Amino acid sequence: MKSGILSFNRGLFLQHTRSILWIGLFFLLSQVVLLPLGLFVVLRDEWGVKSLIEANNENVLLTVSFSLQYVTYMVFPVLAGIVLTSYMTKKSSSDFMHSLPFKRDTLLTHVYTAGAVSLGVPILLNAIILFLMRPFVKPITYTAGDIAEWAGVSLFIVLFMFIVTVLIGLFIGPAILQGVMAYGVFILPAALIFLTLNNARYFINGLAADSYTSKIIEDGIFLVRAASYETRPFSGTEWAVYLILAILMMAISYYVYKVRPAEAVDETIVFPFFRWAFIFILTFAAMLVGGTYFAMLLENSSGWMIAGYVIGAVAGYTLLQMIVQKSLRLVWPWKGFLFYALLICILLVPTAIFAKSYEKALPDANEIEKVYIGGETEPFSGTFYDEEQTKLKKVDAGFMTGSDSIEEVRRVHWNLMGIQNKASVLDSYPVTITYSMKDGSRMQRQYWVATVELADVTKELRQNVEFIKASNSLFALKDTAALNYLTIYNNVTGAQMANIAEEKAIKAIRAAIERDTLSSEADTFNNAVDSTV
């Protein structure tokens, strides 16, 4: 006997396919216009062809209009998912579909199959077109492997978005809310962590929020991470994680559809538990936004921040109840809000305990392999910021390994622990301390300190020769780094003072600057203004 998942009905499949035929056709049209025709457009511009070839990209198909293709990957799968699950939100359609002689897993299998075919065929047809037109786009060249990579990545992103939209549709009724949450489910977890860290920095002294949030934005949001595939392809671990997530979401969707009440067609959120989870999670997000707004507006006034939390939570809770109850004249469930407030208060207890231990943590000198202290979250991240420049930088640039340097940084860290963070960035300076431990772990702290206090705390450190080298980008260059020219400009006016290309002159100037730099204390943390090379 066939299982409901494996059974197939041609009529049901064709019905679903016809309902999203327009989506498949428009998706195919967009893919043909953006890539095959896009290549011919590039060929018309000699300069464009030259720059494309000189860029030496591993896969030219991921370079030509990938950002525009990515927009279509975000839009069409979500539309397809909404249309194919829309029968669950209308009583007549729901009654008709569920009266058919098919199990629910069979119905859902046909939804997935119709969506996969309608979204996958345009990509495969585009791949065939790209393969056939290879002889006609020279000097632009790409291999069958390049086509396979482009098609595989495109197909995965599209199907991943489609699976997410279908799963969301099993929990949520209104199509607009389903579409919003199809994107929100990717953004919300990272956004909550981002907002939590940005609020916690006002209460936890030394929290390295900037470092954590930058990593979350780059790698923690699938929509952002997939958009950067052109320059940063998925690692093997990322492929494994995303594939496992896709399989898990499909498995969960079959279970959820089985237990989904057929009569819940008019509900905004189908399951009561997830209804309250939806309200509480987004109320928490609104509360954090309120607190952040007042913190930025009134420079870390604790009273106003608490007021912001209360206002944000009440406003968010009320708006979400309007959405769930589908009415502006709502019955305000005060017990639910009281439970939410009690839950937040309970969670504050372990948070406060963690905050105290986090603030007081200071590693022993014999556990530290190397240490970095500076104004950026990572050494010279604002100086060597692209791939070509990074090649010129030493591997451990910015880090210090000397025992005296490590001990001096620990003393600075100890003093900073006793200084309250400044809320305003106008009269303060960021200080990031990163310990690379002998066991391979890392410990990072970040402080915002008034410039006068910071200059006093770091006075001894700024006279350390190893710190002078570690904080100056000139010493971060590899010894073999090829310097073609030096440009000297004034930091205050921005005016160019000199441009030197002669090799001997460059070496002489570099040596002179190094001697001059080592003969005085470091400019970092001293708020010094100087000419820059």
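Here, residues in each chain are numbered from 1, in the same order as that chain's written sequence. Owing to the predicted nature of the model, reporting of local features is limited to residues with pLDDT of at least 70; listing and counting of side-chain atom pairs is limited to 80 or more, with chain, interface and lining totals taken over all residues. The basis for every side-chain value is the complete set of heavy atoms in the structure, and neither hydrogens nor water enter the calculation.

Some thoughts on the overall build of the chain
This is how the line gets drawn: The helix and strand labels rest on DSSP assignments: H or I over at least four residues marks a helix, E over at least two residues marks a strand, and numbering proceeds from the N terminus. In this scheme, a residue with accessible area under 20% of its type's maximum is buried, one over 50% is exposed, and one in between is partly exposed, where area comes from a 1.4 Å probe on protein chains only. In this description, contact between two residues means that some pair of their heavy atoms is separated by no more than 4.5 Å. In short, Shrake-Rupley with a 1.4 Å probe defines the accessible areas, and a residue's cover is counted only from the protein chains shown. His is not counted, nor are the chain ends, whereas Lys and Arg count as positive and Asp and Glu as negative. Note that the charge is assigned to NZ on lysines, CZ on arginines, CG on aspartates and CD on glutamates.
In terms of helices and strands, the chain carries 22 helices and five strands. Projecting the C-alpha coordinates of the chain onto the three principal axes gives extents of approximately 85 × 70 × 45 Å. Per-residue burial over the chain gives 44% buried out of 533 residues. Summarising the internal contacts of the chain: among those between residues at least 6 apart in sequence, 74% fall at separations of at least 24. Summed over its atoms, the accessible surface of the chain is roughly 28100 Å², and 65% of this surface lies on carbon and sulfur atoms. Between the averaged position of the 41 positive side-chain charges in the chain and that of its 44 negative side-chain charges there is a distance of 11 Å.

Quick look at the pattern of salt bridges
Keep this limit in mind: Throughout this description, the term salt bridge denotes a Lys or Arg side-chain nitrogen within 4 Å of a carboxyl oxygen of Asp or Glu.
All chains considered together, the criterion is met by seven salt bridges. The partner of Arg225 in a salt bridge is Glu238, and the shortest N-O contact between them spans 2.8 Å. Remark: Glu238 occurs in helix α12 (residues 236-259) and Arg225 occurs in helix α11 (residues 222-227); sequence separation between them is 13 residues. Taking the relative accessible area as the measure of exposure, Glu238 reaches 17% and is therefore buried. Here Arg442 and Glu378 are joined by a salt bridge, their closest N and O atoms 3.0 Å apart. Within this pair, whereas Arg442 is found in strand β3 (residues 442-450), its partner Glu378 is found in the loop between β1 (368-374) and α16 (387-390), the two being separated by 64 residues in sequence.

Regarding the sheet that holds β1
Under the convention used in this document: Note: two strands are recorded as paired if DSSP finds a minimum of 2 bridges between them. Only C-alpha atoms enter the line fits that serve as axes; for helices the fit covers just the stretch in contact. Angles between N-to-C directions range over 0 to 180 degrees.
Ordered in space as β1-β2-β3, the three strands form an open sheet in which the pairing is antiparallel. The open sheet has two edge strands with one neighbour each: β1 and β3. Between one strand axis and the next, the sheet turns through 15° on average, direction left out of account. Across six bridges, β1 lies against strand β2 (residues 428-437) in antiparallel orientation. Among the inter-strand pairings, Val371 is bridged to a residue of β2, identified as Tyr435.

Some points on the packing of helix α14 (residues 302-325) against helix α15 (residues 334-360)
Applicable threshold: For this classification, under 35 degrees means roughly parallel, over 145 means roughly antiparallel, 65 to 115 means roughly perpendicular, and everything else is oblique. Handedness of a crossing follows from how the near helix is turned relative to the far one, being left-handed for an anticlockwise turn of less than a right angle and right-handed for a clockwise one. Throughout, the ten residues Ala, Val, Leu, Ile, Met, Phe, Trp, Tyr, Cys and Pro are labelled nonpolar, Asp, Glu, Lys and Arg are labelled charged, and all others, Gly among them, are labelled polar.
Running from N to C, α14 and α15 cross one another at 140°; their axes reach a closest spacing of 11 Å. Relative to α15, the element α14 lies oblique. When you trace α14 past α15, the crossing you get is right-handed. Between α14, through Ala313, Val314 and Tyr317, and α15, the contact on the second element is made entirely by Gly336, Phe337 and Tyr340. Partitioned by chemical class, the residues of the contact of α14 with α15 number five nonpolar, one polar and no charged.

A look at the packing of aromatic side chains
Stated precisely, the cut-off is as follows: Two rings from Phe, Tyr or Trp (for Trp, the six-membered ring) form a pair when their centres are within 6.5 Å of each other. A pair whose planes differ by under 30 degrees is stacked, one over 60 is edge-to-face, and the rest are tilted.
Inspection of every chain in the model, using the stated rule, returns 33 aromatic pairs. Ring geometry for Tyr112 and Phe162: centres 6.2 Å apart, planes at 80°, overall edge-to-face. Of this pair, Tyr112 sits in helix α7 (residues 104-132) while Phe162 sits in helix α8 (residues 144-171), and the two are 50 residues apart along the sequence. Taking the relative accessible area as the measure of exposure, Tyr112 reaches 7% and is therefore buried. Its relative accessible area of 2% is what places Phe162 among the buried residues.

Overview of the nonpolar core
Where we set the bar: Here, nonpolar core refers to any group of buried Ala, Val, Leu, Ile, Met, Phe, Trp, Tyr and Cys residues whose side-chain atoms link them within 4.5 Å.
Judged by nonpolar contacts, the single largest core of 101 residues is most densely connected at Leu39, Leu61, Tyr73, Leu130, Tyr142, Trp150 and Phe222. When residues in this core are grouped by element, the largest group, 17 residues, is from α8. With near-sequence residues (within four places) excluded, Tyr142 lies in contact with Leu39, Val60, Leu61, Leu130, Met133, Arg134, Val137 and Ile147. Core analysis: the second largest hydrophobic core is formed by 25 residues, Tyr435, Tyr447, Ala470 and Ala522 among them.

Some thoughts on helix α9 (residues 175-200)
So the rule is basically this: Any helix carries an expected span of 1.5 Å times its number of residues minus one. Note on bend: at a given residue it equals the angle between the axes fitted to the 7 residues ending there and to the 7 starting there.
In this model α9 runs 35 Å from its N-terminal to its C-terminal C-alpha over 26 residues, within 8% of the 38 Å that 1.5 Å per residue would give. Bending of α9 peaks at approximately 45° at the position of Gly184.

Geometric descriptors of this kind do not, in isolation, establish any biological role.
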